[in-house]
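What the coordinates show
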Amino acid sequence: MFESLSDRLGGILDKLTRRGALTDADVSEALREVRRALIEADVALPVVKSFTDKVRQRAIGHEVVKSVTPGQQVVKIVHDQLVEMLGSDAEPIDLNAPAPLAIMMVGLQGSGKTTSTAKIALRLTSQEKRKVLMASLDTRRPAAQEQLKVLGEQTGIDTLPIVAGQTPVQIAGRAMTAARLGGYDVVMLDTAGRTHIDEALMAEMAEIKSSAEPHEILLVADSLTGQDAVNLATSFDERVGITGIVLTRMDGDGRGGAALSMRAVTGKPVKLIGTGEKSDALEDFHPSRIADRILG
Ligand code: GDP
């Protein structure tokens, strides 16, 4: 499918017979391939540029040791830089706050928000032994509230009863009250999405945030999001202030470049990845594995 970056760099750099430090010319040629690999992996262009600049600084003057080829060494530099920019360690959801703690899920329509809400609720219930309540604040599409209810029934997780005619802020308030009275540890707030970013959506998210005061605000994004990833992540982060990212559809063919784009522009960690449609298809984010995947 893709020719791996290691093979390409090997082809370029390993014909160097000379030994010593990597020169500007060696590195520039290699960086053209790195740039191509990142673009193929769907990394947004401004991020590709800042990434290759960092790799250039690290690589020029790097001593070529005899035990490995120059190509392998540049691949290692690129890999290490990717891991560093992706955040080095897996960061779990932070549950360190008084109960009931709210987790607000935000993102565009179709990104996998409702599915991820149920996945996270199931994980917190089964692995962390927390009592979780889920509530859909999507009043625009009645089917969305129904979808969460069905997921709740399938997973055995409680959902807030649906009451017609309430605003998202009212539903959030009712969810927090129900959680306090019912002794819940965590409330998952599944918000409405739109097909694209618009001002009304952002205003609604900001209002829900100030009334529910969520401990985590997770941006759910499709891993196949390409050049839009930067705009998506900055819009949500600037207007709403996200605490982390959930990257969905990592079971697909995509190389996951959106992880790098979104992490680089917001500085917020990718916390979890969705790897299928089922409620247990959720995994921790491991920067090193994603780096390998981006490199192909
Ligand atoms: P929402 O509009 O953001 O709430 O999106 P949904 O949660 O309804 O998901 C939209 C579609 O994507 C559904 O058919 C989900 O089953 C599917 N989906 C969500 N997450 C994943 C994932 O990680 N992998 C795959 N393959 N499909 C997913």
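Anyway, here's the lowdown on the structure attached to this text. (Residues numbered from 1 in each chain as written. Predicted model: local features only at pLDDT ≥ 70, side-chain atom pairs only at ≥ 80, totals over all residues. Heavy atoms only, no water.)

1. Looking at the pairing of strand 2 (residues 132–136)
For a regular strand, the rule is simple: side chains alternate between the two faces of the sheet. Just so we agree on the cut-off: Relative accessibility thresholds used throughout: buried, under 20% of the residue-type maximum; exposed, over 50%; partly exposed, between the two (1.4 Å probe, protein chains only). Runs of E in the DSSP output that reach at least two residues are strands. Runs of H or I that reach at least four are helices, and both are numbered from the N terminus. A pair of strands is labelled paired if DSSP reports no fewer than 2 bridges between them. The handedness rule is simple: strands pointing away from the viewer, and a clockwise path from the first strand over the helix to the second, make the crossover right-handed.
Among the five residues that make up strand 2, five are buried, leaving the element largely enclosed by the rest of the structure. Burial along strand 2 is two-sided: the face carrying Val132, Met134 and Ser136 and the face carrying Leu133 and Ala135 are both buried. Pairing geometry for strand 2 and strand 4 (residues 186–190), over five bridges, is parallel. From the neighbouring strand, Val132 faces strand 4, where its bridge partner is Val186. Read as a crossover between parallel neighbours, the route from strand 2 over helix 6 (residues 142–155) to strand 3 (residues 158–159) is right-handed.

2. Concerning empty space enclosed by the protein
Over the atoms a probe the size of a water molecule is rolled, and this reveals where empty space is left. Our working definition: Site definitions follow a grid-based scheme: protein atoms alone, a 1 Å grid, a 1.4 Å probe that fits but cannot get out for cavities, and for pockets an open set with protein on both sides within 12 Å along at least five of seven lines, plus lining residues having an atom within 4 Å of a point. Grid points are joined across faces, edges and corners, and a volume is the space filled by probe spheres set on the points. Any residue outside Ala, Val, Leu, Ile, Met, Phe, Trp, Tyr, Cys, Pro, Asp, Glu, Lys and Arg is labelled polar, Gly included; the first ten of those are nonpolar and the last four are charged.
Summed over the entire model, instances satisfying the criterion amount to two cavities of 30 Å³ or more. The calculated volume of the largest cavity comes to roughly 80 Å³. Around the largest cavity, the lining comprises 13 residues; the ones closest to its centre are Ala135, Ser136, Gln145, Leu160 and Ile162. Of the residues belonging to the lining of the largest cavity, the class tally is eight nonpolar, three polar and two charged.

3. Remarks on the site of the ligand
Test applied: For this description, a residue counts as near a given molecule or strand if any of its non-hydrogen atoms is within 4 Å of it. Any pair of nitrogen or oxygen atoms within 3.5 Å is treated as a polar contact; in protein, a donor-acceptor pairing is required on top of that, and neighbouring residues in sequence qualify only through side-chain atoms on both sides. Only the protein chains shown count as covering a residue, and every accessible area follows the Shrake-Rupley method with a 1.4 Å probe. Put plainly, a molecule is in a cavity or pocket when over half of its atoms are within 2 Å of the grid points there.
Close contacts around the ligand come from 17 residues, with Gly110, Lys113, Thr115, Arg249 and Asp251 the closest. At 2.5 Å, a side-chain N or O of Thr115 approaches an oxygen atom of the ligand. The contact in question runs from a nitrogen atom of the ligand to an N or O atom on the side chain of Asp251, over 2.7 Å. Protein coverage of the free-state accessible area of the ligand, which is 580 Å², stands at 81%. Structurally, the ligand is housed in the largest pocket. Of the residues forming the shell around the ligand, the biggest block, four residues, is contributed by helix 5 (residues 113–126). When the residues that make up the shell around the ligand are grouped by side-chain class, the tally is one nonpolar, 11 polar and five charged.

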